[in-house]
2 protein chains.
Amino acid sequence: MASKQFEPASGTRDFLAGELRRRERLFAATRGVFERYGFEPLQTPAFERLETLTGKYGDEGDKLIFKILRRGEHEATGEADLALRYDLTVPLARVVAAYGSRLPSPYKRYAIGPVWRADRPGKGRFREFTQCDVDVVGSASPLVEAEVVCAGADALDAMGVTGYTILVNSRQALNGLMEVYGVPTDLAGVALITLDKLDKLAPAQVVAELVQGRGLAEATARSLVDDLTADDAVVRMRKALAGNDAGRAGLAEVDRLLELAGPHIGPERIRFAPNLVRGLDYYTGAIWEVTAPGMPGAIASGGRYDHLIEALGGPDLPACGFSLGVERILGILEEADDGATVIDVAVTVMDEESSTEAVRLIGGLRRAGLTAEVYLGGSRKFAKQLKWASDRGARFAVLSGPSERAEGVVTVRDMTSGDQERVPVGEALTHLADRCAMKAAPDNA
Amino acid sequence: MASKQFEPASGTRDFLAGELRRRERLFAATRGVFERYGFEPLQTPAFERLETLTGKYGDEGDKLIFKILRRGEHEATGEADLALRYDLTVPLARVVAAYGSRLPSPYKRYAIGPVWRADRPGKGRFREFTQCDVDVVGSASPLVEAEVVCAGADALDAMGVTGYTILVNSRQALNGLMEVYGVPTDLAGVALITLDKLDKLAPAQVVAELVQGRGLAEATARSLVDDLTADDAVVRMRKALAGNDAGRAGLAEVDRLLELAGPHIGPERIRFAPNLVRGLDYYTGAIWEVTAPGMPGAIASGGRYDHLIEALGGPDLPACGFSLGVERILGILEEADDGATVIDVAVTVMDEESSTEAVRLIGGLRRAGLTAEVYLGGSRKFAKQLKWASDRGARFAVLSGPSERAEGVVTVRDMTSGDQERVPVGEALTHLADRCAMKAAPDNA
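Since the structure is predicted, the reported quantities are computational estimates derived from the model, not experimental observations.

Student: Describe the relation of the copies chain A and chain B, and please don't skip the residues or the numbers.
Tutor: Mapping chain A onto chain B calls for a screw motion: a turn of 180° about the axis and a shift of 0.0 Å along it, with 0.0 Å RMSD after fitting. When the rotation and shift are considered jointly, the pair of chain copies conforms to a two-fold rotation axis. Closest approach to the rotation axis among the C-alpha atoms of chain A is made by Gly78 of chain A, whose C-alpha sits 1.8 Å away. Comparing interface residues between copies, 100% of those in chain A also sit at the interface in chain B, which points to an isologous, same-surface contact.

As structure tokens, this is what we get:
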């Protein structure tokens, strides 16, 4: 960058053509999947009334909200009345409350759009970033979990994410687990937060935190962690949960989801993970996380959250959703972007007289659906214009100087082979359209 | 709306599926045109550093900037350090300054995205609205004007705007006009602002304002307005401008644009309009405005602005752009939106056992590219689920109850005719894919 003053604001990014096209292609693939599932797009404003957002994200979250100063005579008060949206879920709750029965029931919606958080910008962390959510509001059917999980998995496939695994658990199963192992009810919540660290910390460290930090009996903590980290943890957990009402109900939720979604997703890509906790305490039923090789943490996550819409200011409706970490996914996918624009035909301009002819030809090419550009620089040198055509990634260049005009032809140059051919002016359009179609064919085959 | 508290913030809108799809289709058509012209997409952040924006839009503009409060310990100062972008041109100037030679030269970019202005919201005026700009930075060639005008016209065509006219003038021609009619140099600027009102006010009112408000001699004002509003105004103006250096240069700019762009756009859709002024004083060359029948004011406008990029903080590069008033265009186009989602297949669920089969079938339908939904509601009544299928606009419904299962079939109902057919389970997928393809065919023909 020439100077810091021209950089985008801290934590935000400019997207030039190559990167922007890569992002848009990913989003379009995702949208295509959601549309085939019958999810409807929703777009809410960038900012909401301040009171719509505050108090919804906890104390830490509230601090990260970008607030907008009042305007005009009120600006001097230094008060804010609006705020940039922090996620796509609070706006969803507001829309469900506002439109009520005018929305389909259940309301299946997807949203892909920027959110803003005043986080300390760091490696791979941004203050403006895109979220991609798919949610169903208004149905308690277990088919909802299956639909949402299958839609998310198909979207990951469409984006080109490979080798991922969907880990499934249930809040009810976790509650049952606490009961079975004799964790006192008032310690269950914090114990689960510690157990969630089993994928990062050594088992002994987790036991220590459970005992010293959370106040669990040492024997309880040890048997819980031993069983959860055993090679046959799934077998042990299934056995343990079967002896408890909440445990059985939770297992049934997990198994129903595996049964419904497994055949579509591939049974090897989705499995019960008894130690999956998910930090957020608003989940009420099945929960899941998607992991991919080489990625610490999850690239997507979701679950059933039956009372969150009400807590966010909407009506009390059952709901279930899946959020895909598209910024993270964009980061792990092949770095190759589309690079420079690639165009079909570059039309050179050797003198004033050829301009009119060039504009006429190029209009026809574009009407035929080709990407075509005319040289807009100041040079009248052939070599310079040819370099421009090459820089633009042109497949063909069209040259028309005095000698061509005298003969009523244009020269068509194949920019890959360097072969040149003289074509009558009247046939140039069809000639180029045909050759571009032929060149394009191998890609489509 | 249930309650004002759930409405979007003043001047902003929620876009539900129908309207959002209509908007996106319009933007996609526009993008397609710009891409064929070799314009590259650019996306800049929603907010910029406050100092990047202030002082760029005049005093009135500055008041309309949404400012973002500083955060953390600085929040109490009541100061702002960031601001929502007010247009797409200042961010373009910043990007040109920041990336310099890493951008193609000339830099042909398009941008379609929201901007925010703290205007008093009114009928058809919003605080969050989409702008659609196409600009070329770094070339003084008259081919640039032709490219930009043709791209804009093709985009209007692609959006479905009909019957529009592109009115062309030139700042140089206007300067020449002032000289020819003897308007003192220091009054020329304000006199032009008044002349711009000739499309709204009666000629006598414009004369009065020129004399009383602007201080022109009455004879000067009268002859200027008489000539500009005469039936043969174009002839009179061409004659007048020919007698003056600036006038001749301006006419040459206009004629070159008509000559280059006319054949592509259709000569009847673009013409010299000697009384076109355009309020903004940053234009330096050709200027234009697009009018459509029944619309007061312009639906799109643009021109050459050779020193604006520098004034906005970028390098001093020639530039030229066209801005399409997409919100206005969305307002005048057919009001019909896409309405409710229309899906290919609705799969009903009569009992627990049919759920698994339903999910399997629907997965196959979606893989085949069809839009398919499964019933997620709580009712097990046939009539209720059929109503759901109808509400979703389904072409076909699939029914599978105990009697179907006993025979190894599903019932496929044509939702238009009401005809039902029993199809073996194993053939349901191909049967539905074929029938949907047949139903779709007439639309594609």
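Student: How would you explain unusual backbone geometry if you had to name every residue and give the values?
Tutor: Residue Ser105 of chain A is joined to Pro106 of chain A through a cis peptide bond whose omega torsion reads 0°. Mapped onto the elements, Pro106 of chain A comes out in the loop between α4 (89–99) and β5 (107–116).

Student: How would you explain the packing of aromatic side chains if you had to name every residue and give the values?
Tutor: Here the structure, examined in full by the defined rule, presents 18 aromatic pairs over all chains. Between the aromatic rings of Phe34 of chain B and Phe39 of chain B, the centroid separation amounts to 6.2 Å while the plane-to-plane angle is 65°, which identifies the pairing as edge-to-face. Side by side, Phe34 of chain B and Phe39 of chain B carry an identical accessibility label, which is buried. Between Tyr282 of chain B and Tyr305 of chain B the ring centres are 6.1 Å apart and the planes differ by 75°, which places this aromatic pair in the edge-to-face class. One end of the pair, Tyr282 of chain B, is in the loop between β8 (270–272) and β9 (286–291); the other, Tyr305 of chain B, is in the loop between β10 (300–304) and α12 (308–311), with 23 residues separating them in the sequence. Look at Tyr305 of chain B and you get buried, because its relative accessible area is 4%. Clustering of aromatic rings is evident, with ring pairs tying together Phe34, Tyr37, Phe39 and Tyr110 of chain A. Over the ring of Phe39 of chain A we find Lys108 of chain A; its NZ or CZ atom is 4.9 Å from the centre of that ring. A cation sits over an aromatic face here: Arg117 of chain A above Tyr86 of chain A, 4.0 Å from the ring centre.

Student: Got a sec to walk through the domain arrangement of chain A? Specific residues and values, please.
Tutor: Each domain of chain A was delimited in the assignment, giving domain 1 (13–332) and domain 2 (345–439). A C-alpha centroid distance of 53 Å is found between domain 1 of chain A and domain 2 of chain A.

Student: Could you give an account of the interface of chain A and chain B, naming the residues involved and the relevant values?
Tutor: The interface is formed by 89 residues belonging to chain A together with 91 residues belonging to chain B. In terms of surface lost to chain B, no three residues of chain A exceed Arg36, Arg366 and Leu376 of chain A, which account for 9% of the buried area on that side. At the boundary of chain A with chain B, the tally comes to 14 salt bridges. One can count 37 residue pairs in polar contact (both at pLDDT 80 or more) joining chain A with chain B. Ranked by residue count, the leading element in the side of chain A that touches chain B is helix α14 (residues 352–367) of chain A, at eight residues. Here the side of chain A that touches chain B is composed, by residue class, of 44 nonpolar, 17 polar and 28 charged.

Student: An account of the nonpolar core is needed here, citing residue identities and associated values.
Tutor: Counting 247 residues, the largest nonpolar core has Leu195 of chain A together with Leu195 of chain B as the members making the most contacts within it. Those residues within four positions of Leu195 of chain A in sequence are excluded, and the remaining contacts are Met178, Val206, Leu210, Leu224, Val225, Leu228, Asn275 and Val277 of chain A. Of all hydrophobic cores here, the second largest spans 18 residues; its members include Phe47 and Ile68 of chain A together with Ala9 and Leu82 of chain B.

Student: Give a description of the UniProt feature "binding site: L-histidine" (unreviewed entry) in chain A that names residues and reports values.
Tutor: Residues and elements named next belong to chain A. Residues annotated by UniProt as "binding site: L-histidine" (unreviewed entry) correspond here to Asp87, Leu88, Thr89, Arg117, Gln131, Asp135, Arg278, Tyr282 and Tyr283. These annotated residues cover 197 residues of sequence, and their C-alpha atoms reach 22.5 Å apart at the extreme, placing them across more than a single site. Tracing the backbone through its elements, the reader meets Leu88 in the loop between β4 (80–84) and α4. Tracing the sequence through the fold places Arg278 in the loop between β8 (270–272) and β9 (286–291). Apart from the residues lying within four places of it in its own chain, the contact partners of Arg278 are Arg171, Asp196, Tyr283, Ile287, Trp288, Glu289 and Ser301.

The rules behind each value
Residues numbered from 1 in each chain as written. Chains lettered and ligands numbered in written order. Predicted model: local features only at pLDDT ≥ 70, side-chain atom pairs only at ≥ 80, totals over all residues. Heavy atoms only, no water. Least-squares fit on C-alpha atoms with pLDDT ≥ 70 in both. Contact = heavy atoms within 4.5 Å. Helix = DSSP H or I, 4+ residues; strand = E, 2+ residues; numbered from the N terminus. Phe/Tyr/Trp six-rings, centres within 6.5 Å; stacked < 30°, edge-to-face > 60°. Buried < 20%, exposed > 50% of the residue type's maximum accessible area, 1.4 Å probe, protein only. Lys NZ or Arg CZ within 6 Å of the ring centre and 35° of its normal. Domains from an automatic or database assignment. Buried area = accessible area lost by both parts, 1.4 Å probe. Salt bridge = Lys/Arg side-chain N within 4 Å of Asp/Glu carboxyl O. Polar contact = N/O pair within 3.5 Å; in protein donor to acceptor, adjacent residues only side chain to side chain. Nonpolar A, V, L, I, M, F, W, Y, C, P; charged D, E, K, R; others polar. Core = buried A, V, L, I, M, F, W, Y, C linked by side-chain atoms within 4.5 Å. UniProt positions renumbered as here; feature names shortened; annotations may be inferred.

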